[in-house]
Amino acid sequence: MAISGKTCVCAVIGDPIEHSLSPAIQNAAFNALNLDFVYTAFRVKPSEVVNALAGIHALGIVGLNVTMPHKEAVIKCLDWVDETAKFLKSVNTIHCKDGKLLGYSTDGIGALKALKENGADPHGKRVLMFGAGGATRAIAYALVQEADELVVLNRTVSEAQKLAESLKKCGKKIIVDSLSPDVIEEKISDVDILLNTTSVGMKPNINQSLIASNNLKSDLTVMDIVYNPFETQLVKDAKAVGAKVVNGVEMLIYQGAASFEIWTGQQPPVQVMRKAALEQLNRG
Ligand code: ATR
């Protein structure tokens, strides 16, 4: 890639940021389409978010991804945010266009696309979700537009209740309960898709899963949003019983693909992005 005075710059901000897969994914996509874009990463401390956004505006950085812990804090610096980001109070994509900073949330779209593109369209289905944090919220907001019923189980039940309350207006059935083995065993028998949106199973705790393997069955689709390790214990257990599985890296790719489309206006080369993510993960 030849960088020149005309090259458009994109970046991700977060803290920490050094393990981000986004530079590898986005640069591979820019190269594949021969776009004069480059993507880097900036570690930005929480106390520097406002200064960082002013700098991004001043420097004319075209596209920005925003990750933990800045997804809410950036909103006050933006000229406009889309409906989803407004509802979630969370922005993961910024587009600097005509001198304005525009904010979007592509996390939920990413999860929905990951399911659909892997042959597990949630339309009319019953979905069981583990978790009630920021990631769950984004995914649940996208899922309620399509699924028939959501069951949200969380270690802290009050958080699941808050989530269900905020989604009440969608008119879909949302059941909440605790993340206990008995509840999991009861609920799993009645759903089509299981989605882990907690951090359980993430490196270094690679042997952990919230569900006993004998509760999984072959007619389930099981998706994990944890992408490191590439195959979590949950995904391994689901594969072993013959269930359809969707790895966490799929959500990462499709939310990145949605950002890419916002910045460039081009169809994202998803297969190239997937290959880059897997290569980067394999490098450790
Ligand atoms: P994110 O924004 O990435 O979703 P978060 O808001 O911190 O992160 O949410 C993490 C989720 O993982 C929460 O649902 C959390 O449960 P609590 O609300 O009870 O904290 C869940 N989680 C994290 N570690 C867990 C564990 N060991 N067992 C069960 N749930 C866990």
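Bringing the sheet that holds strand β10 (residues 193-196) into the picture now. Across the sheet, six strands lie side by side as β9-β8-β7-β10-β11-β12; this open sheet has parallel pairing. The open sheet terminates on both sides in strands that have one partner only, identified here as β9 (173-178) and β12 (244-246). Ignoring strand direction, the axes of neighbouring strands in this sheet form an average angle of 15°. As paired strands, strand β11 (residues 221-224) and β12 are joined by three bridges and run parallel to one another. Looking at β12, one finds that methionine 223 is bridged to valine 246. Relative to the sheet, helix α6 (residues 157-166) contacts β8 (149-154) and β9, its axis offset from that of β9 by approximately 170°.

Turning our eyes to something else, we now look at the environment of isoleucine 206. Along the chain, isoleucine 206 turns up in the loop between β10 and β11. Owing to a relative accessible area of 35%, isoleucine 206 belongs among the partly exposed residues under this scheme. Here the alpha-carbon distance between isoleucine 206 and cysteine 77, two residues 129 residues apart in the chain, equals 38 Å. When near neighbours in sequence (up to four residues on either side) are disregarded, isoleucine 206 contacts Gly201, Pro229 and Gln233.

A few words on the pairing of strand β2 (residues 37-43). Every other side chain in a regular strand lies on the same face of the sheet, so the side chains alternate between the two faces. As defined by bridge partners, strand β1 (residues 8-14) adjoins β2 across seven bridges and the pair is classed as parallel. Note on β2: the bridge partner recorded for valine 9 is valine 38. Handedness of the β1-helix α1 (residues 22-32)-β2 crossover: right-handed.

It is worth spelling out the site of the ligand at this point. Inspection of the region around the ligand gives Gly131, Ala132, Gly133, Gly134, Ala135, Asn154, Arg155, Thr156, Leu179, Thr198, Ser199 and Val200 as its neighbouring residues. In the model, an oxygen atom of the ligand is placed 2.8 Å from a nitrogen or oxygen of the asparagine 154 side chain. One of the side-chain nitrogen or oxygen atoms of threonine 156 is found 2.5 Å away from an oxygen atom of the ligand. Computed on the free molecule, the ligand has an accessible area of 650 Å², of which 64% lies beneath the protein chains in the complex.

To continue, consider the sheet that holds strand β3 (residues 63-66). With mixed pairing, the six strands of this open sheet are ordered in space as β2-β1-β3-β5-β6-β4. The open sheet has two edge strands with one neighbour each: β2 and β4 (80-81). Contacts from α1 reach β1, β2 and β3, with the element oriented near 170° to β2. Seen against the sheet, helix α9 (residues 248-264) touches β1, β2, β3, β5 (93-97) and β6 (100-104) and runs at an angle of roughly 5° to β5.

To continue, consider unusual backbone geometry. The amide bond that connects aspartate 15 to the next residue, proline 16, takes the cis arrangement and shows omega of 5°. Among the structural elements, proline 16 can be located in the loop between β1 and α1. Cis geometry marks the peptide bond from methionine 68 to proline 69, where omega comes out at 0°. Considering the arrangement of structural elements, one finds proline 69 in the loop between β3 and β4.

With respect to burial, β5 is a largely interior element, four of its five residues being buried. Judged from the three bridges that link them, β3 and β5 form a sheet pairing that is antiparallel. Each bridged residue has a counterpart across the sheet, and for glycine 63 the counterpart in β5 is histidine 95. Of the pairings in the sheet, the one linking β5 to β6 comprises five bridges and is antiparallel in character. Paired with isoleucine 94 across the two strands is glycine 103, which belongs to β6. Here β5 hands over to β6 after two residues, with aspartate 98 in that stretch at a positive phi of 50°.

In this section: the nonpolar core. Leu143, Leu195 and Met223 are the most contacted members of the largest nonpolar core, which has 52 residues in total. Considering each element in turn, this core owes the most residues, eight residues, to α9. Apart from residues lying up to four places away in sequence, leucine 195 is in contact with Leu115, Val127, Leu128, Met129, Phe130, Ile139, Leu143, Met223 and Ile225.

So, on to the environment of valine 127. Topologically, valine 127 is positioned in strand β7 (residues 126-130). C-alpha separation for the pair valine 127 and aspartate 148, spaced 21 residues apart in sequence, amounts to 8.0 Å. Here valine 127 is in contact with Leu143, Ala147, Glu149, Leu150, Val151, Val191, Ile193 and Leu195, once residues within four sequence places are set aside.

Time to look at the packing of α1 against helix α10 (residues 270-283). Contact geometry for α1 and α10: axes closest at 8 Å, N-to-C directions at 140°. If you check the angle between α1 and α10, you find them oblique. For the pair α1 and α10, the crossing hand works out as right-handed. The residues of α10 that touch α1, namely those facing Ala24, Ile25, Gln26, Ala28, Ala29 and Ala32, are Val272, Met273, Ala276, Ala277 and Gln280.

Calculation notes
- Residues numbered from 1 in each chain as written.
- Predicted model: local features only at pLDDT ≥ 70, side-chain atom pairs only at ≥ 80, totals over all residues.
- Heavy atoms only, no water.
- Pairing = 2+ DSSP bridges.
- Helix = DSSP H or I, 4+ residues; strand = E, 2+ residues; numbered from the N terminus.
- Axes fitted to C-alpha atoms, helices over the stretch in contact; angles between N-to-C directions.
- Contact = heavy atoms within 4.5 Å.
- Buried < 20%, exposed > 50% of the residue type's maximum accessible area, 1.4 Å probe, protein only.
- Right-handed = clockwise from strand over helix to strand, strands pointing away.
- Near = heavy atom within 4 Å.
- Polar contact = N/O pair within 3.5 Å; in protein donor to acceptor, adjacent residues only side chain to side chain.
- Areas by Shrake-Rupley, 256 points an atom, 1.4 Å probe, with all protein chains shown as cover.
- Core = buried A, V, L, I, M, F, W, Y, C linked by side-chain atoms within 4.5 Å.
- Parallel < 35°, antiparallel > 145°, perpendicular 65-115°, else oblique.
- Left-handed = near helix turned anticlockwise from the far one by under 90°.

Don't take any of this as a statement about function, it's just geometry.
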